[in-house]
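# Close look at the chain arrangement
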Amino acid sequence: MFMSEQYNNEHREPLRILVFSASLRNDSLNTRLAKLAVSVIEKNGGIVDFANVTEFDCPSFNQDLEMDNFHPAGARELRKRILANDAFIISSPEYNGSMPGFLKNVIDWASRFRPQPFHERHALLMSASPSMGGGNHGLWSLRIPLEKLGSNVFSAMFSLATAHKAFTPEGNISDATLSKRFEDNLVSFMDLVEAAKHYPCMKKAWVEFLGEQPDPATERVE
Ligand SMILES: Cc1cc2nc3c(=O)[nH]c(=O)nc-3n(C[C@H](O)[C@H](O)[C@H](O)COP(=O)(O)O)c2cc1C
């Protein structure tokens with residue numbers, strides 16, 4: 001047994017992780033992957049908050065709707081769930097080389113709360129697609145708003161190529177090497193989140209517009 005395995009099994013502090021699939025489709029491959037992540041997290045001592053993405057449904061973003069401090073219920077729910085957990089994991093389809101519009105829409109709405117809820121939250125991104133790319137391009141597009149909002153997006157993303165053929169009937173990844181890679185990636189992420197929880201980093205400020213001149217009218221620094 002490697003030292004790290006011993007450490008994981010014997011000393012892990014409980015972590016709460018929000019997991020959701022960004023596909024609305026019945027029989028979604030991304031929902032299958034998200035559910036597999038749930039079982040790996042629980043097997044490794046984590047506590048999962050599994051969300052159905054319909055809980056985060058929002059009208060198309062329109063600044064005119066923001067009068068009287070309005071935030072749609074879906075954005076309020078996403079904010080609440082992000083803040084109630086130590087980290088979040090999104091398994092997202094790729095549509096035309098990018099993330100689903102639905103997902104970007106709720107991120108935009110949720111970014112309008114102050115304090116801004118994505119700041120300093122840990123995120124892991126994964127995708128599944130019937131294509132050879134596994135939806136990986138879409139994850140790069142998803143990193144952009146999350147990193148802009150100050151989330152710590154885990155460097156290693158997991159994309160399941162030819163996903164329509166990749167699962168066993170029980171919902172595991174049939175290829176043993178790939179299956180181990182998936183689990184190792186999740187456990188590495190959990191190790192990082194656990195370490196960050198107990199040894200918080202010194203970064204304190206979130207700045208929305210880097211390079212902006214200090215000006216009370218446009219200040220977006222927390
Ligand atoms: C509008 C649209 C665009 C798509 N674009 C891509 C794409 O750029 N890359 C890709 O790998 N798959 C693409 N797909 C295929 C999806 O990956 C596939 O439908 C997948 O099963 C969706 O995820 P889900 O099973 O979780 O719903 C696209 C599908 C749709 C409907």
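Placed above this text is the structure.
The following refers to the structure shown. (Residues numbered from 1 in each chain as written. Predicted model: local features only at pLDDT ≥ 70, side-chain atom pairs only at ≥ 80, totals over all residues. Heavy atoms only, no water.)

This part takes up the overall build of the protein chain. The helix and strand inventory of the protein chain stands at six helices and six strands. Reading the protein chain from its N end, one meets helices and strands in the order α-β-α-β-α-β-α-β-α-β-β-α. On the principal axes, the C-alpha backbone points of the protein chain span a range of 55 × 40 × 30 Å. By residue count, 45% of the 222 residues in the protein chain fall in the buried class. At a minimum sequence separation of 6, the contacts of the protein chain that also span at least 24 residues come to 76%. When the accessible surface of the protein chain is split by element, carbon and sulfur atoms take 54% of a total near 12000 Å². (Helix = DSSP H or I, 4+ residues; strand = E, 2+ residues; numbered from the N terminus. Buried < 20%, exposed > 50% of the residue type's maximum accessible area, 1.4 Å probe, protein only. Contact = heavy atoms within 4.5 Å. Areas by Shrake-Rupley, 256 points an atom, 1.4 Å probe, with all protein chains shown as cover.)

Moving on: the site of the ligand. With respect to spatial proximity, 13 residues lie near the ligand, and among them S23, S28, E94, S129 and S131 are the closest. Between the ligand and the protein, one listed contact pairs an oxygen atom with a side-chain N or O atom of N30 at 2.8 Å. G97 places a polar main-chain atom, nitrogen or oxygen, 2.9 Å from an oxygen atom of the ligand. Considering the ligand on its own, with 620 Å² of exposed area, one finds that the protein chains cover 68% of that surface. When the residues that make up the shell around the ligand are grouped by side-chain class, the tally is four nonpolar, seven polar and two charged. (Near = heavy atom within 4 Å. Polar contact = N/O pair within 3.5 Å; in protein donor to acceptor, adjacent residues only side chain to side chain. Nonpolar A, V, L, I, M, F, W, Y, C, P; charged D, E, K, R; others polar.)

Another point: the pairing of strand β4 (residues 122-128). Burial of β4 is extensive: seven of the seven residues sit out of reach of the surface. Neither face of β4 is left uncovered, since the one carrying H122, L124, M126 and A128 and the one carrying A123, L125 and S127 both have all their residues buried. Read from strand β3 (residues 87-91) through helix α4 (residues 101-110) to β4, the crossover connection turns out right-handed. Pairing between β4 and strand β5 (residues 152-153): two bridges, direction parallel. Across the sheet, the residue bridging to A123 is V153, located in β5. Bridge count between β4 and strand β6 (residues 158-160): three bridges; the pairing is parallel. Within β6, the residue paired with M126 across the bridge is F158. (Right-handed = clockwise from strand over helix to strand, strands pointing away. Pairing = 2+ DSSP bridges.)

Pairing is possible between side chains of opposite charge, provided their charged atoms come close. Evaluated as defined, the whole model comprises 11 salt bridges. Here E77 ties to K80 by a salt bridge, and the two come within 3.4 Å at their closest N and O atoms. Here K80 and E77 lie together in helix α3 (residues 73-84), a separation of three residues that amounts to about one turn. Residue D184 pairs with K180 through a salt bridge whose shortest N-O separation is 2.7 Å. Here D184 and its partner K180 are both found in helix α6 (residues 176-198), four residues apart, which amounts to about one turn of the helix. K180 gets classed as exposed once you look at its relative accessible area, which sits at 53%. The structure contains a network of salt bridges with shared partners spanning D49, E55, E77, K80 and R81. (Salt bridge = Lys/Arg side-chain N within 4 Å of Asp/Glu carboxyl O.)

For the pair α3 and α4, interaxial distance at closest approach is 9 Å and the crossing angle is 75°. Here α3 lies roughly perpendicular to α4, going by the angle between them. Taken together, the residues of α4 that come into contact with α3 (itself represented by G74, A75 and L78) are V106, W109 and A110. Split by residue class, the contact of α3 with α4 holds five nonpolar, one polar and no charged. (Axes fitted to C-alpha atoms, helices over the stretch in contact; angles between N-to-C directions. Parallel < 35°, antiparallel > 145°, perpendicular 65-115°, else oblique.)

Turning next to the environment of L83. Position of L83 among the secondary structure elements: in helix α3. In the structure, L83 is positioned 35 residues away from F118 in sequence and 8.4 Å away in space, judged by C-alpha atoms. Those residues in contact with L83 that lie beyond four places of it in its chain are P117 and R121.

This part covers the pairing of β3. Of all five residues making up β3, five are buried, and the element is well covered by its neighbours. Burial along β3 is two-sided: the face carrying A87, I89 and S91 and the face carrying F88 and I90 are both buried. Relative to β3, strand β1 (residues 16-21) runs parallel, the two being bridged by five bridges. Each bridged residue has a counterpart across the sheet, and for V19 the counterpart in β3 is I89. Alignment of β3 against β4, held across five bridges, turns out to be parallel.

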